[in-house]
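Chain by chain, the residues:
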Amino acid sequence: MIRIPPKRMNLRLPTEELKPCLLLLVLERHTTFTFFRLLNIGLTLFHYDAGNETFEKLGTTGTQNNLLVYLTTVFNMKSITATTLVNIFGGTTNLATLLGAFLCDTYFGRYKTLGFASIASFLGMLMLTLTAAIPILHPPHCVDKDSGECSGATPWQMTFLISGLGLLVVGAGGIRPCNLAFGADQFNPNTESGKRNISSFFNWYYFTFTFAMMVSLTFIVYVQSDVSWAWGLAIPAFMMLMSCLLFFMGSKLYVKIKPEGSPLTGAVQVIVAAFKKRRLVIPEQPWQSLYNYIPTNSINSKLPYTDQFRFLAKAAIMTPEDKIDPDGLSAAPWSLCSMQQIEQVKCLVRVIPIWVAGFLYSIALVQQQTYVVFQALQSDRRFGNTDFKIPAASYFVFNMLALTVWIPLYDRIIVPFLQRFTKKEDGMGITLLQKMGTGMVISIIMTLVSAIVEQRRRNFALSNPIAVEEGRGAISSSSAMWLVPQLTLAGISEAFTVIAYVEFYYKQFPENMRSIGGSLTFVGAAVSNYLNSFLLSIVHHITKGAPTGDWLPEDLNKGRLDYFYYLVAGLGVLNLGFFVICASKYKYKGSSDTHASQVAMEDLKSEKTLV
């Protein structure tokens, strides 16, 4: 008789759903273990990720990247108007994730939020498709825009368009922060294989995310621009419909965690209570004498006492005025908070410096999405000996290609190699903070390589140009393929740092705030874009009157973009130092310092309350 080891149960499925998995559990004992574990993870991704955010990205990314062209060609908008609308749409989409995460963790739960947001995204894409397919929903086609006689959109046409974009914002605000946490919730963190597969899940999640972007930036954009806007927008709408169907088809298999109310309110209560009791003295053994009631139905794991941010512990000091209800809860939660509430707030406070360190790191990546295009435009883009020129924006595909190749290589080959020497971070070989730091070091090298390549391109443009284009300047004889190394390094750096950040937010936030943690990735991206714009403005303003001239003019040959890259690399070094200091003092959630024997962390219960 074949024995089936129960420790291989990774997914939290109902008992009757485990029977089809028994063969998989047996086969994992043999040489096909890796293949079937990949299949296991792949099926999970298909239900919880590829069936939702991948299709959402296929739709919204393809639409957003070509939205500027759509507004100027179909809706006859002026460039400045269309650019402003696209910027507002992109910024609002990222910031909406914070509101969506709050509503998810506080009121609706991840399943309901994802269901509602998926439907909103589909309706938004459908409305955009209708604006292209139905003539009365967009202005008449303009043959000669230079004549100034083109008809603009009517108020109701603009209303229909803005409504579609608004629904896309609602959909992205609910899907992006909740989908990853919802998918990871399906794995059992109490088993070694579950922990390992959670980490793999984050890697493969980002793999599918990048694949969706590659398809959007190539196939979908091509159909929209060169075939038909109606068909090009209908394809993402159909994919989002498939996303909705796949999501609701797996409804009976999902683990659905019920929200416990506003998690931010509890954090504010701790701060207020600590301020009220700021004059009190913390006892010598706080883990024994402070108020530490834990509700039996709480979805949050029990956390050990830590000595960091000791002033917050004053919120748990019991005074004669403090009263306890018969059920053990504090009668005045704004004056007395439990140690568990305080430790959860400490988790949030610890994350903030690590989050801030990601701002300057992302600025280096942003340059690979903007100025690389301008560099390519003033480089030799000919494909071999032919006259065909590779589109300047297409070089960014090398970034995503490096990312998609590196992720499975890292997850399947490098991680097992690292496991031979270390046993850290749930078997991933290195800790999440070490993974982030590695990516930051690579980004500094990437920026230095960018400066060297730009210096070479500029020298060849000044000494041996192949052409001179009006309004752009001399075209360098240096091949644009010299941009591939820095784009490759950007993809590898992103695979380390960005994926580690996503996993870091999920694991370090309290369980009832994981959707809010997921939104920090997108909020951080928005802040990085704002900081990058501010940095560009400062550099442009300061260098405009410098002896070397403006570093960032329209014609790169007249500027010193390489100096700007060196500046970004210097900021990256300072940011790395800041990150190392913060990481050296960081305490992972659930880790205790000197009192591990007195207060141990309990594992999160697998039998969670279902919606």
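Only a predicted model underlies this, so the values are computations on that prediction, with no experimental measurement involved.

1. Observations concerning the overall build of the protein chain
- For the protein chain, the helix and strand inventory stands at 15 helices and two strands.
- Looking at the protein chain as a whole, 54% of its 611 residues are labelled buried.

2. Examining the nonpolar core
- By size, the foremost hydrophobic cluster in this structure holds 59 residues, and its most contacted members are Ile354 and Phe504.
- In terms of residue count, helix α10 (residues 339–377) provides more of this core than any other element does, 14 residues in total.
- In terms of domain composition, this core takes at least three residues from each of domain 2 (262–288 + 309–315) and domain 3 (352–589).
- Other than its neighbours up to four places away in sequence, Phe504 contacts Val351, Ile354, Leu432, Leu433, Met436 and Tyr586.
- Among the nonpolar cores identified, the runner-up in size contains 33 residues, and Met125, Trp229, Leu233 and Met240 belong to it.

3. Concerning the environment of Glu511
- Considering the arrangement of structural elements, one finds Glu511 in the loop between α13 (484–508) and α14 (514–543).
- Classification of Glu511 as buried rests on a relative accessible area of 6%.
- A sequence separation of 213 residues divides Glu511 from Ser298, and the C-alpha atoms of the two residues are 9.5 Å apart.

4. Quick notes on a nonpolar patch on the surface
- On the surface, Phe238, Leu241, Met242, Leu245 and Met249 cluster together to form a nonpolar patch covering roughly 490 Å² of accessible area.
- As for its placement among the helices and strands, Leu241 is situated in helix α7 (residues 229–249).
- By relative accessible area, Leu241 is classed as partly exposed at 30%.

5. A short note on α14
- With 30 residues, α14 extends 44 Å from end C-alpha to end C-alpha; this agrees with the ideal 44 Å at 1.5 Å per step.
- Remark: the principal bend of α14, roughly 25°, maps to Thr521.

6. Brief notes about the side chain of Lys277
- Residue position: Lys277 is located in the loop between α8 (263–276) and α9 (286–289).
- Classification of Lys277 as buried rests on a relative accessible area of 7%.
- Of note is the side chain of Lys277, whose polar atom sits 2.5 Å from the backbone oxygen of Ile317.
- Dropping the residues within four chain positions of it, Lys277 is found in contact with Lys314, Ala315, Ile317, Thr319, Asp322, Ser335 and Leu336.

7. Describing the packing of α10 against helix α12 (residues 432–463)
- As a packed pair, α10 and α12 sit with axes 11 Å apart at the nearest point and diverge in direction by 30°. What the angle tells us is that α10 and α12 run roughly parallel. Crossing angle aside, the handedness with which α10 passes α12 is left-handed. Across the interface between the two elements, Ile354, Ala357, Tyr361, Ala364, Leu365, Gln368 and Gln375 from α10 touch Leu433, Met436, Gly439, Met440, Ser443, Met446, Thr447, Ser450, Glu454 and Arg457 from α12.
- In terms of residue class, the contact of α10 with α12 is built from nine nonpolar, six polar and two charged.

8. Side note on the environment of Phe311
- The residue Phe311 is located in the loop between α9 and α10 in this model.
- Each C-alpha atom of the pair Phe311 and Phe275 lies 8.7 Å from the other, and the pair is 36 residues apart in sequence.
- Discounting residues that sit within four places of it in the chain, Phe311 has contacts with Ala274 and Ile282.

9. Let's talk about the packing of aromatic side chains
- In the structure shown here, the tally under the stated rule is 21 aromatic pairs.
- Taking 6.0 Å as the distance between ring centres and 55° as the angle between the ring planes, the aromatic pair formed by Phe182 and Phe247 counts as tilted. Placement of Phe182 in helix α5 (residues 155–184) and of Phe247 in helix α7 is noted, with a sequence separation of 65 residues between them. The two residues Phe182 and Phe247 agree in class, both being buried.
- Put simply, the rings of Tyr501, Phe504, Tyr505, Phe509, Tyr586 and Tyr588 pair up and form one aromatic cluster.
- Here Arg278 stacks its cationic end above the ring of Phe275, 4.2 Å away from the centre of that ring.
- For Arg560, the ring lying beneath its charged end belongs to Tyr563, and the centroid distance is 4.2 Å.

10. Describing the packing of α13 against α14
- Following both chains from N to C, one finds α13 and α14 inclined at 160°, their axes separated by 8 Å at the closest point. As far as their axial angle goes, α14 and α13 are roughly antiparallel. In the packing of α13 onto α14, the handedness of the crossing is right-handed. Packed against α13, whose contacting residues are Val502, Tyr505 and Tyr506, the element α14 presents Arg514, Gly517, Leu520 and Thr521 at the interface.
- Along the lines of polarity and charge, the residues of the contact of α13 with α14 split into four nonpolar, two polar and one charged.

11. A short note on the pattern of salt bridges
- Throughout the structure, instances matching the rule amount to seven salt bridges.
- Between Arg310 and Asp307 there is a salt bridge, with its nearest N and O atoms 3.6 Å apart.
- Given a relative accessible area of 35%, Arg310 falls into the partly exposed group.
- Overall, Asp307 belongs to the partly exposed group, its relative accessible area being 29%.
- Of the charged contacts in the structure, one is a salt bridge between Lys346 and Glu343, with a shortest N-O distance of 3.2 Å. Taken as a pair, Lys346 and Glu343 lie in helix α10 at a separation of three residues, close to a single helical turn.
- By relative accessible area, Lys346 is classed as buried at 0%.
- Overall, the relative accessible area of 3% leaves Glu343 in the buried class.

12. Considering the confidence of the model for the protein chain
- When pLDDT is averaged across the protein chain, the result is 77; 78% of the residues are at 70 or more.
- Contacts of residues 1–51 to residues separated by more than four positions or lying in other chains number 91 contacts, the stretch itself having pLDDT below 50.
- Within the model, the stretch residues 594–611 combines pLDDT values under 50 with 38 contacts to residues more than four positions away or in other chains.

What counts and what doesn't
Residues numbered from 1 in each chain as written. Predicted model: local features only at pLDDT ≥ 70, side-chain atom pairs only at ≥ 80, totals over all residues. Heavy atoms only, no water. Helix = DSSP H or I, 4+ residues; strand = E, 2+ residues; numbered from the N terminus. Buried < 20%, exposed > 50% of the residue type's maximum accessible area, 1.4 Å probe, protein only. Core = buried A, V, L, I, M, F, W, Y, C linked by side-chain atoms within 4.5 Å. Domains from an automatic or database assignment. Contact = heavy atoms within 4.5 Å. Patch = residues over 30% accessible without salt bridge, like charges linked within 9 Å, V, L, I, M, F, W, Y side chains within 5 Å. Areas by Shrake-Rupley, 256 points an atom, 1.4 Å probe, with all protein chains shown as cover. Salt bridge = Lys/Arg side-chain N within 4 Å of Asp/Glu carboxyl O. Expected span 1.5 Å × (residues − 1). Bend = angle between axes of the 7 residues up to and from the residue. Polar contact = N/O pair within 3.5 Å; in protein donor to acceptor, adjacent residues only side chain to side chain. Axes fitted to C-alpha atoms, helices over the stretch in contact; angles between N-to-C directions. Parallel < 35°, antiparallel > 145°, perpendicular 65-115°, else oblique. Left-handed = near helix turned anticlockwise from the far one by under 90°. Nonpolar A, V, L, I, M, F, W, Y, C, P; charged D, E, K, R; others polar. Phe/Tyr/Trp six-rings, centres within 6.5 Å; stacked < 30°, edge-to-face > 60°. Lys NZ or Arg CZ within 6 Å of the ring centre and 35° of its normal. pLDDT = per-residue confidence, 0-100.

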